[in-house]
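Secondary and tertiary structure notes
One-letter residues, chain by chain:
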Amino acid sequence: MKKLLSVLFCIVFVFAGLCSCSADGIYTTEDKYFTFTECEGGYKIAANVTEDYPKTIRLPEEHNGAKVVAIEYGGFKNCVDLEKVIIPESITKIGGDAFSGLAKLHNVNFVDNEATETVDVDFGAFSDCIALTEINFGKKVKNVGAYAFKNTRILRAEFTLVESIGDYAFKDCSSLSYVYIPATLKAENIGELAPFYGCDKDIDFVIDEKAKENGVTLQLLVAGPIK
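Computed from a predicted model, the values in this text were never measured in an experiment. (Residues numbered from 1 in each chain as written. Predicted model: local features only at pLDDT ≥ 70, side-chain atom pairs only at ≥ 80, totals over all residues. Heavy atoms only, no water.)

**Side note on the pattern of salt bridges**
Put simply, the rule is: Note on definitions: salt bridges are taken to be side-chain nitrogens of Lys or Arg within 4 Å of carboxyl oxygens of Asp or Glu. The cut-offs for exposure are 20% and 50% of the maximum accessible area for each residue type, with area from a 1.4 Å probe on protein chains only; residues under the lower value are buried, those over the upper are exposed, and the others partly exposed. Going along the chain from the N terminus, every DSSP run of H or I of four or more residues is numbered as a helix, and every run of E of two or more is numbered as a strand.
By the definition in use, this model includes 11 salt bridges. Between K32 and E30 there is a salt bridge, with its nearest N and O atoms 3.9 Å apart. Residue K32 is classed as partly exposed on the basis of its relative accessible area of 46%. Taking relative accessible area as the criterion, E30 reaches 28% and is therefore assigned partly exposed. When the shortest N-O distance is used, the salt bridge between K150 and D128 registers 3.0 Å. Of this pair, K150 sits in the loop between β13 (141-144) and β14 (156-158) while D128 sits in the loop between β11 (119-121) and β12 (134-136), placing them 22 residues apart in sequence. Given a relative accessible area of 18%, K150 falls into the buried group. Take D128: its relative accessible area is 29%, and that puts it in the partly exposed class.

**A closer look at the packing of aromatic side chains**
Rules: Pairing of aromatic side chains requires ring centres within 6.5 Å, counting the rings of Phe and Tyr and the six-membered ring of Trp. Pairs whose planes differ by under 30 degrees are stacked, by over 60 edge-to-face, and all others tilted.
Counted under the stated rule, the structure contains 17 aromatic pairs. Residues F34 and F76 carry aromatic rings whose centres are separated by 6.2 Å and whose planes lie at 65° to one another, so their mutual orientation is edge-to-face. Of this pair, F34 sits in strand β3 (residues 34-39) while F76 sits in the loop between β7 (66-71) and β8 (84-87), placing them 42 residues apart in sequence. The two residues F34 and F76 agree in class, both being buried.

**Some words on the pairing of strand β4 (residues 42-47)**
Operational definition: In this analysis, strands are considered paired if DSSP registers two or more bridges between them.
With five of its six residues buried, β4 lies for the most part within the structure. In this sheet, β4 lies alongside β3 in antiparallel orientation, the contact comprising six bridges. By the bridge assignment for β4, T37 is matched with K44. Hairpin remark: β3 followed by β4, antiparallel, with two residues in the connecting loop; positive phi at G41, about 95°. Across three bridges, the pairing between β4 and β7 is parallel. Within the sheet, the bridge partner assigned to I45 lies in β7 and is I71.

Below you can see the structure in the form of structure tokens.
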């Protein structure tokens, strides 16, 4: 019954001109709302901003028979009314400033049903998204660039496969209450400008024992290396 309702829901949106139904039951926003540029491995995607641009978008996994593998530098920063973004498994790179400064963006979801690909989040990709509270990093996020989530309001940062976290990646995330650091992170891949500098002092940091063996310490995460 739920599957039938999901299909009917997507059909309604198709006729409304907003989306088509994806294999996982989450609607995919129509190609007309994006621009596509050929790149290695497929296409890079950016917004084609229109007056009726959706407030919730699910990026397509394919275009013209090829994968959509990356989000353009600054590709969506002009979508001022964007509230939610669903990023499919095909995406392996989110370009610098891709969503930066979007004051209404509050939810980002990395789809990882199979987790066959990982994704790099480049510098400043979601910086200054002051309403952003919910991010499902899932099993996708491998590298987090400098300033990537600076000055957002995310509540939890739970990583599974992260291998590097850049300078000030989560600086001034004053609402952050919980951080999980997995075994895959090594001290040498943490930015010298502490990734969690300026966050609330009451954050519950859980660091995997293997990460600790790799030299990861609370000092490196919140204050940087001792000079």
